[in-house]
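Chain and residue survey
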Amino acid sequence: AVDRIAGLRRDTAFVATALHVVEALDGEAQVCFAPDASRCARGTLAYIADALGALPALDLAFLAVALPPGIAWRPDVMAPSVRVGDEVRTIGRAGEWYVPPRSGRVTAVDATRGTLEYSGLDVTTGVSGAPVVSGTGLVGMHTQGRGAAGAGGIPLAAIRARLERFATGAWA
């Protein structure tokens, strides 16, 4: 999985990814940190999108992994909010560095359900778990393509809320 650090507690990074990307795994995954695959470590499945159903279902999982030397958590690149009409792109596809040639636009944000919808992006198999970024920073994580109907993901605020509930103090 090549996704993003959602939080940090001591020397453990919590990496957010789409649940459907890791649910077939046996509780572990290889987590690689950009810019090169030489900084990889074994991650363990630490959270699966609220299996008890107390919160809205999200296609979200966190992997806990030892933070490799030289890798920094960058909360300063996280956008303060996301709004309908914002221009967005995904970064990454199938474990490779990929930035689509054109951007899309946010078409809906539902804070109650924890969903983000956008259209006009070149998304295909292998984009799930990729960061969704706008001109102001990271705004969410891609979870599914819907063909001509657009695509969807999880806004950063919903990821943060789950992480803070699961691993208190890991965000700040």
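Every chain begins its residue count from 1, and numbering advances along the sequence as written. Where totals are concerned, whole chains, interfaces and linings use all residues; where local detail is concerned, this predicted model gives features only for residues with pLDDT of at least 70, and gives and counts side-chain atom pairs only at 80 or more. Note that water and hydrogens are dropped before the side-chain values are worked out from all heavy atoms of the structure.

**Describing unusual backbone geometry**
The test is simple: Elements are defined by DSSP. Helices are runs of H or I of four residues or more, strands are runs of E of two residues or more, and each kind is numbered from the N terminus. Here's how the labels work: a residue is buried when its accessible area is under 20% of the maximum for its type, exposed when over 50%, partly exposed in between, all with a 1.4 Å probe on protein chains only.
Backbone geometry places Arg-10, a non-glycine residue, at a positive phi of 55 degrees. Among the structural elements, Arg-10 can be located in the loop between strand 1 (4-9) and strand 2 (12-17). According to the relative accessible area criterion, Arg-10 is exposed, its value standing at 71%.

**What about the side chain of Ser-134?**
What counts here: As used in this structure description, the phrase polar contact means that two N or O atoms lie within 3.5 Å; if the pair is within protein, one of them must be able to donate a hydrogen and the other to accept it, and residues adjacent in sequence are counted only when both atoms belong to side chains. Contacts are residue-level and defined by heavy atoms, with any inter-residue pair within 4.5 Å sufficient.
Among the secondary structure elements, Ser-134 is positioned in strand 9 (residues 131-134). Here the side chain of Ser-134 touches Thr-136 through a polar contact of 3.0 Å, side chain to side chain. If we skip the residues at most four places from it in the chain, Ser-134 touches Glu-87, Val-88 and Val-139.

**Side note on the nonpolar core**
In a soluble, globular protein the nonpolar side chains are often hidden away together inside. Using the following cut-off: By nonpolar core we mean a set of buried residues, namely Ala, Val, Leu, Ile, Met, Phe, Trp, Tyr and Cys, connected to one another through side-chain atoms within 4.5 Å.
Among the nonpolar cores identified, the biggest contains 18 residues, and Ile-5, Val-15, Val-31, Phe-33, Leu-63 and Val-65 are the most heavily contacted of them. For this core, the secondary structure elements donating two or more residues are strand 1, strand 2, helix 1 (19-22), strand 3 (28-32) and strand 5 (61-66). Looking at which element gives the most residues to this core, the answer is strand 5, with three residues. When neighbours within four sequence positions are excluded, Val-65 is seen to be in contact with Asp-11, Thr-12, Ala-13, Val-15, Val-31, Phe-33, Ala-41, Arg-42 and Gly-43.

**Considerations on the environment of Gly-7**
Inspection of the secondary structure puts Gly-7 in strand 1. Measuring from C-alpha to C-alpha, the distance between Gly-7 and Glu-164 comes to 8.9 Å, with 157 residues separating the pair along the chain.

Geometric descriptors of this kind do not, in isolation, establish any biological role.
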